[in-house]
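Residue strings, one per chain:
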Amino acid sequence: MTKKVYIETMGCQMNKSDTERMLGMLSHFNYEETKIQEDADLLMVNTCSIRQLSEDKAFSQLGVWGKWKKDNKPDLKIGICGCVAQQKARKVFSRAPYVDFVLGTHKIYSLPDVIRRINAGERVCECEETNLATANEKGYPINRVKSTNAWINITEGCNNFCTYCIVPYTRGRERSRLPEVIIKEVKDALADGFKEITLLGQNVDSYGKDFKDKNYRLAQLLRDINAIEGNFRIRFVTSYPTDITDELIETARDLDKVCEYFHIPMQSGSSRVLKAMNRRYDRETYAKIVEKVRKMIPDVTITSDFIAGFPGETEEEFVETLTAIDEFELDYSNVAAYSPREKTVAAKWTDKFIPEDIKDERFQRLNLKVQENCLKSNLKYVGREMEVLVENFYEHKGKMINTGKTRNFKTVHIPCDKDLTGQFINVKISGAKTWYLKGKIL
Ligand code: SAH
Ligand code: SF4
Ligand code: F3S
């Protein structure tokens, strides 16, 4: 008999990608996805712990479901997976006793076994760490979200231990997936109609460093994927600044399917703060890397991440972040206010914590700077001809609009009555707003 599963996914693309894999496994064992929580036999929350707020959100979601179970659905099964699960393991049971299973990020491939055990009445915690990347995968189907872009992870985990970041504790050491496994996933996604492949990892430019038996790095992977027949685009995120090699930039420039887009988080514009964050570069080094990428790849879009209010950050140091965004002409940046995380080094520097109101004020100023630069960057493209891969078609204020992305990751809105989703079309850019460009079909 088919049962129904609902998964609430929080956090980054890694978690979204894990959800696609878990839904694939579950479908193999007769669980069908439902988008309606009330209809589900199995409810799961795929959690993120990057900030305290995301962790709190996970427990409040569990609380709601726990109440349903207690009040009138005793047979309901509830599970927690993702980064909070990996980090808290058994401790989840004391905080949320109605939870049937805790499944860490290292163990997603034991999900079928976990489901069998909870259905037999057991309470299960599977959170042991593993050093394996692909060896424990079992070739289950992947239920990818319907879209033009397929996310394919190439590395798991991270070795960098930035002092603010919990990811090395929730995702473990860096492990590269085998090239043949990745290439098969790319071919499957293309056969399913996907038009864009985004290679995913915390630090994609260190891909392959852990292979003992071969010298096979990201540039080689890009070459092998580019050689696959068909009209599609290739992207890769996230790049750690000092792991970007000349070979990688040249390869990205020379391969026709690889797009002109780099996501290179800087985190702070101040060399002193960068050092305290344990980032392995200073402001000048970052500047040189960005300059090199811009010089070698015309029209490249470079995006970044920044943290406001890191412990000990002075007003002057914060201003260095604002000036970095201007000086390096960063096209867009994700920004966050610093949130202390359990186990991390910086969380112990309580005497240097920045008061919430100052952190918040810096966060707002950072947002304004990002908006200003985004518009500036978009204005450069007015009058230009660009190729757009259409991703969506919808009605807006009585008009039909296609939206999609250029090769260099700019969003374009194209008024047109025909649904062009999945097509590559050439447009002339007729205007620029903060978050998107306007285009006319040529
Ligand atoms: N591997 C990527 C980032 C992964 S986490 C890199 O090295 O850049 C995504 C982003 O979350 C980070 O870039 C950082 O800006 C933010 N972040 C991580 N830990 C944080 C914390 N404790 N408080 C606030 N923001 C944080
Ligand atoms: Fe976190 Fe740093 Fe690793 Fe990125 S590189 S995931 S910020 S520890
Ligand atoms: Fe991603 Fe959040 Fe985990 S950002 S890796 S889901 S802590």
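Undergrad: Would you explain the packing of helix α12 (residues 315-327) against helix α13 (residues 356-379) in this entry?
TA: It is at 9 Å that the axes of α12 and α13 come closest, and there the two elements cross at 15°. As the angle between them shows, α12 and α13 are arranged roughly parallel. Both α12 and α13 take part in a crossing whose hand is right-handed. Here Glu-315, Phe-318, Val-319, Thr-321, Leu-322, Ile-325 and Asp-326 of α12 come into contact with α13, specifically with Arg-362, Arg-365, Leu-366, Lys-369, Val-370, Glu-372, Asn-373 and Lys-376.

Undergrad: What is the right way to read the domain arrangement of the protein from this model?
TA: Often, the extent of an interface is quoted as the loss of accessible area upon association of its parts. Annotation of the protein at the domain level lists domain 1 (3-129) and domain 2 (385-441). A C-alpha centroid distance of 37 Å is found between domain 1 and domain 2.

Undergrad: Any chance you could explain the layout of surface pockets here in plain terms?
TA: Over the atoms, a rolling probe the size of a water molecule traces out where space has been left empty. Its boundaries defined by the atoms lining it, the second largest pocket holds a volume of some 390 Å³. Considering the residues around the second largest pocket, the lining is formed by 18 residues, among which Tyr-140, Pro-141, Ile-142, Glu-185 and Asp-188 are closest to the centre. Elements supplying a minimum of two residues to the lining of the second largest pocket: α1 (13-28) and α7 (179-191). Looking at which element gives the most residues to the lining of the second largest pocket, the answer is α7, with 5 residues. When its residues are assigned to classes, the lining of the second largest pocket shows 8 nonpolar, 2 polar and 8 charged.

Undergrad: Would you mind showing me how to read the sheet that holds strand β7 (residues 149-153) here?
TA: Sheet strands pair via backbone hydrogen bonds, and the direction of the pair is either parallel or antiparallel. Sheet architecture is open: 3 strands sit in the order β7-β10-β11, paired in parallel fashion. Across the chains shown, the open sheet's two edge strands, defined by having one partner strand only, are β7 and β11 (233-237). Put simply, the sheet's adjacent strands are angled 20° from each other on average, direction ignored. Judged from the 5 bridges that link them, β7 and strand β10 (residues 196-200) form a sheet pairing that is parallel.

Undergrad: I keep staring at the pairing of strand β19 (residues 437-441) and nothing clicks. Help me out?
TA: Taken residue by residue, a regular strand's side chains alternate between the two faces of the sheet. Sheet topology note: the strand β17 (residues 411-415)/β19 ladder contains 2 bridges and is parallel. Opposite His-413, over in β19, you have Lys-438 as the bridge partner. Across 5 bridges, the pairing between strand β18 (residues 424-432) and β19 is antiparallel. The partner of Gly-431 across the bridge, within β19, is Lys-438. Between the antiparallel neighbours β18 and β19 lie 4 residues.

Undergrad: Got a minute to help me understand the pattern of salt bridges in this structure?
TA: Think of it this way: side chains of opposite charge can pair up when their charged atoms draw near. Under the criterion given, the structure shown has 42 salt bridges. Of the charged contacts, one joins Arg-294 and Asp-331 as a salt bridge, the two residues approaching to 3.5 Å between their closest N and O atoms. Of this pair, Arg-294 sits in helix α11 (residues 283-296) while Asp-331 sits in the loop between α12 and β14 (332-337), and the two are 37 residues apart along the sequence. Through salt bridges with shared partners, one network takes in Lys-107, Asp-113, Arg-116, Arg-117, Glu-122, Glu-126 and Glu-128.

Undergrad: Sorry if this is basic, but what is going on with the site of ligand 1 here?
TA: The environment of ligand 1 is made up of 14 residues, and the closest members are Tyr-164, Gln-202, Gln-267, Asp-305 and Ser-339. One of the backbone N or O atoms of Gln-202 is found 2.9 Å from a nitrogen atom in ligand 1. A distance of 3.1 Å separates an oxygen atom of ligand 1 from a polar side-chain atom of Arg-279. Calculation on ligand 1 without its partners gives an accessible area of 540 Å², and the protein chains cover 87% of this total. Going through the elements one at a time, β13 (301-308) and β14 are the ones with two or more residues in the shell around ligand 1.

Undergrad: Would you explain the site of ligand 3 in this entry?
TA: Taken together, Cys-12, Asn-15, Cys-48, Ser-49, Ile-50, Cys-83, Arg-171 and Gln-202 are the residues near ligand 3. Each residue belonging to the shell around ligand 3 can be placed in one class, and the counts come to 4 nonpolar, 3 polar and 1 charged.

Undergrad: So what exactly am I meant to see when it comes to the environment of Val-181 here?
TA: With respect to the helices and strands, Val-181 occurs in helix α7. Val-181 gets classed as partly exposed once you look at its relative accessible area, which sits at 24%. The sequence separation of Val-181 and Ile-154 amounts to 27 residues, and the corresponding C-alpha distance is 9.3 Å.

Undergrad: For this particular structure, what's the right way to read the environment of Asp-75?
TA: Structurally, Asp-75 is set in the loop between α2 (52-72) and β4 (77-82). The exposure class assigned to Asp-75 is exposed, which follows from its relative accessible area of 67%. Distance in space between the C-alpha atoms of Asp-75 and Phe-328 is 56 Å, their sequence separation being 253 residues.

Undergrad: Honestly, α2 in this entry has me stumped. Any pointers?
TA: Given 3.6 residues to a turn, an α-helix orients residues that are three or four positions apart in the same direction. Relative to the 30 Å expected for 21 residues at 1.5 Å per residue, α2 spans 31 Å between its end C-alpha atoms, a close match to the ideal helical length. Of the positions making up α2, those classed as buried are Ser-54, Glu-55, Ala-58, Phe-59, Gln-61, Leu-62, Trp-65, Gly-66 and Lys-69. Taken down its axis, α2 places every buried residue within 155° of arc, on the same side. Those residues of α2 that are exposed and aimed more than 90 degrees away from the buried face are Leu-53, Lys-57, Lys-67, Lys-70 and Asn-72. Buried residues in α2 make contact with β1 (3-9), β3 (42-47), β4, α3 (83-88) and α4 (91-95).

Procedures and definitions
- Residues numbered from 1 in each chain as written.
- Chains lettered and ligands numbered in written order.
- Predicted model: local features only at pLDDT ≥ 70, side-chain atom pairs only at ≥ 80, totals over all residues.
- Heavy atoms only, no water.
- Axes fitted to C-alpha atoms, helices over the stretch in contact; angles between N-to-C directions.
- Helix = DSSP H or I, 4+ residues; strand = E, 2+ residues; numbered from the N terminus.
- Parallel < 35°, antiparallel > 145°, perpendicular 65-115°, else oblique.
- Left-handed = near helix turned anticlockwise from the far one by under 90°.
- Contact = heavy atoms within 4.5 Å.
- Domains from an automatic or database assignment.
- 1 Å grid on protein atoms, 1.4 Å probe; cavity = no way out; pocket = protein on both sides within 12 Å on 5 of 7 lines; lining within 4 Å.
- Points joined across faces, edges and corners; volume = space filled by probe spheres on them.
- Nonpolar A, V, L, I, M, F, W, Y, C, P; charged D, E, K, R; others polar.
- Pairing = 2+ DSSP bridges.
- Salt bridge = Lys/Arg side-chain N within 4 Å of Asp/Glu carboxyl O.
- Near = heavy atom within 4 Å.
- Polar contact = N/O pair within 3.5 Å; in protein donor to acceptor, adjacent residues only side chain to side chain.
- Areas by Shrake-Rupley, 256 points an atom, 1.4 Å probe, with all protein chains shown as cover.
- Buried < 20%, exposed > 50% of the residue type's maximum accessible area, 1.4 Å probe, protein only.
- Expected span 1.5 Å × (residues − 1).
- Arc of directions from axis to C-beta.

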